[in-house]
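Fold and contact review
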Amino acid sequence: GVLTLIILLVLIFLFTRIQIAIELIEEASKAVGSMMSVLFFPIGPFLIQGLVILWFAVVASFLATSGDKEYKVVDASSAETCINPDNNKMFVTNDICDPGTFPSDCGNNCTDCPIPQCVF
């Protein structure tokens, strides 16, 4: 009985607000009824968002299957003596290298030459 009384009092005191809400819903239904295309608008952004997610998945799969890192020598000069410890030959540009075993003293002999580096 008490719960019914509370609900009845809330309905009595909020009657004007409930009427305003009902009128707003009626006007909104008239507006949607006159422009039915409003109902189909969310489909476009949803499809575009799906395409973006699909693009993300494709790029992520390409990146995940790209293979091992490949380090190469850049800025190698013939005027320098930068020896590859694997085959005891001089490094040239675009040689595959290992940053862990790449000599740190490469490029110290030549002052005007670019310093060779082992980069990804």
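Residues numbered from 1 in each chain as written. Predicted model: local features only at pLDDT ≥ 70, side-chain atom pairs only at ≥ 80, totals over all residues. Heavy atoms only, no water.

**Examining the overall build of the protein**
Defined as follows: Secondary structure elements are defined from DSSP: runs of H or I of at least 4 residues count as helices, runs of E of at least 2 residues count as strands, and each element is numbered from the N terminus. Values of the radius of gyration come from C-alpha atoms, whereas the globule rule sets the reference at 2.2 Å times the count of residues to the power 0.38. Contacts between residues were defined by any pair of non-hydrogen atoms, one from each residue, lying within 4.5 Å. Accessible areas in this description were obtained via Shrake-Rupley with a 1.4 Å probe; residue shielding takes into account the shown protein chains only.
The secondary structure content of the protein amounts to three helices and three strands. Listing every helix and strand of the protein by position from the N terminus yields α-α-α-β-β-β. Whereas a compact globule of 120 residues would reach a radius of gyration of roughly 14 Å, the protein reaches 36 Å, over 25% beyond that. In terms of overall dimensions, the protein has C-alpha extents of about 95 × 40 × 30 Å along its principal axes. Here the analysis covers contacts within the protein between residues at least 6 apart in sequence; of these, 47% occur between residues at least 24 apart. Carbon and sulfur atoms make up 68% of the accessible area of the protein, which totals about 10,000 Å².

**Examining the packing of aromatic side chains**
To keep it simple, the criterion reads: Pairs were defined over the aromatic rings of Phe, Tyr and Trp, the Trp ring being its six-membered one, requiring ring centres within 6.5 Å. Orientation was assigned from the angle between planes: stacked under 30 degrees, edge-to-face over 60, tilted for the rest. Burial here depends on accessible area, computed with a 1.4 Å probe over protein chains only, as a share of the maximum for the residue type. Under 20% is buried, over 50% is exposed, and the range in between is partly exposed.
Going through the model one piece at a time under the given rule, you end up with two aromatic pairs. Centroid distance Phe-91 to Phe-102: 5.0 Å. Interplanar angle 45°. Geometry classified as tilted. One end of the pair, Phe-91, is in the loop between strand 1 (71-74) and strand 2 (96-97); the other, Phe-102, is in the loop between strand 2 and strand 3 (117-119), and 11 residues separate them in sequence. Under the relative-accessibility criterion, Phe-91 is labelled buried at 4%. The buried category is assigned to Phe-102, whose relative accessible area is 14%.

**Some points on the pattern of salt bridges**
Going by this rule: By salt bridge we mean one thing: a side-chain nitrogen of Lys or Arg within 4 Å of a carboxyl oxygen of Asp or Glu.
All told, the structure shown has two salt bridges when counted by the stated rule. Lys-30 is paired through a salt bridge with Glu-27; the nearest N and O atoms lie 3.6 Å apart. Of this pair, Lys-30 and Glu-27 both sit in helix 2 (residues 15-34), separated by three residues, roughly a single helical turn. According to the relative accessible area criterion, Lys-30 is exposed, its value standing at 55%. Among the salt bridges present, the one from Glu-70 reaches Lys-72, with a minimum N-O distance of 3.6 Å. Judged by its relative accessible area of 43%, Glu-70 falls in the partly exposed class.

**What to know about the side chain of Asn-84**
The criterion, for reference: We call two N or O atoms a polar contact when they sit within 3.5 Å, provided that within protein one can donate a hydrogen and the other can accept it, with sequence-adjacent residues counted only if both atoms are side-chain atoms.
By the secondary structure assignment, Asn-84 is in the loop between strand 1 and strand 2. With relative accessibility at 8%, the residue Asn-84 sits in the buried group. At 3.5 Å, the side chain of Asn-84 and the side chain of Asn-87 are in polar contact. Here Asn-84 is in contact with Lys-89 and Phe-91, once residues within four sequence places are set aside.

**Let's talk about the pairing of strand 1**
Put simply, the rule reads: When DSSP locates at least two bridges between a pair of strands, those strands are taken to pair.
The pairing of strand 1 with strand 2 spans two bridges and is antiparallel. The partner of Tyr-71 across the bridge, within strand 2, is Cys-97. Pairing analysis gives three bridges linking strand 1 to strand 3, with the strands arranged antiparallel. What sits directly across from Val-73, in strand 3, is Cys-118.

**Description of the nonpolar core**
Let me state the cut-off plainly: Joining through side-chain atoms within 4.5 Å is the link that ties buried Ala, Val, Leu, Ile, Met, Phe, Trp, Tyr and Cys residues into a set, and such a set is a nonpolar core.
Counting seven residues, the largest nonpolar core consists of Val-73, Cys-82, Phe-91, Cys-97, Phe-102, Cys-106 and Cys-118. With residues up to four places along the chain from it excluded, the contact list for Phe-91 reads Val-73, Ala-76, Cys-82, Ile-83, Asn-84, Pro-85, Ile-96, Cys-97, Phe-102 and Pro-103.

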